[in-house]
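Breakdown of the fold
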Amino acid sequence: MSTAVYPGSFDPVTYGHLDIISRAANSFDKVVVGVLNNSKKTSLFSMEERVNILEKVTKDIPNVTIKAFEGFSVDLARECGASVIVRGLRAITDFEYELQMAQINRILAHDVDTMFLTTSLEYAYLSSSSVKEVASLHGDISKFVPKAVADAIHRKINVGNWETSGSNEE
Ligand code: ADP
């Protein structure tokens, strides 16, 4: 059985991430979406919230599961019996960081490979941080994220416990 992990912050998940998840799910028997708990990053959503949101928006893809993790993606891969880490590539700006991470991961675990899926053109501009930025200015985010995600963002913004300056995620 071929298994891949797709690690990321997913703060929150966007249509760009969902596109990568569903395309990976077409290529692998099983895809584990790894939600990174990174104490160095200030996130809008807690790890539990990000996991819950992802579970909700991927419920119709039977071979996708969601798992919180800390530390190295290669350890997540090994834990899940995965030989592949999937990452999305949007633009040249993603490339340098992603190449470096893939090479480091290859040194940490030479039996785990990184595979890149290039973004679908309609999502090339999309990032979690831009969604949060637009939402904080009360702009329409319905083209960027599913309704469940938009509702969750609006609830956060309405309770006023978040400002754009509080997030350092790219
Ligand atoms: P990280 O903090 O690990 O970069 P993200 O949640 O921002 O986590 O992204 C997870 C992965 O999804 C990364 O490989 C990123 O390049 C990719 N990704 C993010 N947005 C898009 C998009 N719009 N299209 C394709 N891939 C994307």
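Structural data are supplied above this passage.
In this report, the structure presented in the accompanying data block is examined.

1. Points about the site of the ligand
Taken together, 18 residues surround the ligand, and among them Tyr6, Ser9, Phe10, Gly88 and Tyr123 come closest. Within the side chain of serine 9, one N or O atom sits 2.7 Å away from an oxygen atom of the ligand. Between the ligand and histidine 17, the relevant distance is 3.2 Å, taken from an oxygen atom to a side-chain nitrogen or oxygen of the residue. About the coverage of the ligand: the protein hides 94% of its 550 Å² of free accessible area. Placement of the ligand is best described as lying within the largest pocket. At the level of secondary structure, the elements contributing two or more residues to the shell around the ligand comprise strand S1 (3–8), helix H1 (15–27), strand S4 (84–89) and helix H4 (92–108).

2. Considerations on the pattern of salt bridges
One pass over the structure, following the stated rule, counts nine salt bridges. Between lysine 147 and aspartate 151 there is a salt bridge, with the nearest N and O atoms lying 2.8 Å from each other. Highlighted residues: lysine 147 and aspartate 151, both in helix H6 (residues 147–158), separated by four residues, approximately one helical turn. A relative accessible area of 29% places aspartate 151 in the partly exposed class.

Criteria and cut-off values
- Residues numbered from 1 in each chain as written.
- Predicted model: local features only at pLDDT ≥ 70, side-chain atom pairs only at ≥ 80, totals over all residues.
- Heavy atoms only, no water.
- Near = heavy atom within 4 Å.
- Polar contact = N/O pair within 3.5 Å; in protein donor to acceptor, adjacent residues only side chain to side chain.
- Areas by Shrake-Rupley, 256 points an atom, 1.4 Å probe, with all protein chains shown as cover.
- 1 Å grid on protein atoms, 1.4 Å probe; cavity = no way out; pocket = protein on both sides within 12 Å on 5 of 7 lines; lining within 4 Å.
- Sits in = over half its atoms within 2 Å of the grid points.
- Helix = DSSP H or I, 4+ residues; strand = E, 2+ residues; numbered from the N terminus.
- Salt bridge = Lys/Arg side-chain N within 4 Å of Asp/Glu carboxyl O.
- Buried < 20%, exposed > 50% of the residue type's maximum accessible area, 1.4 Å probe, protein only.

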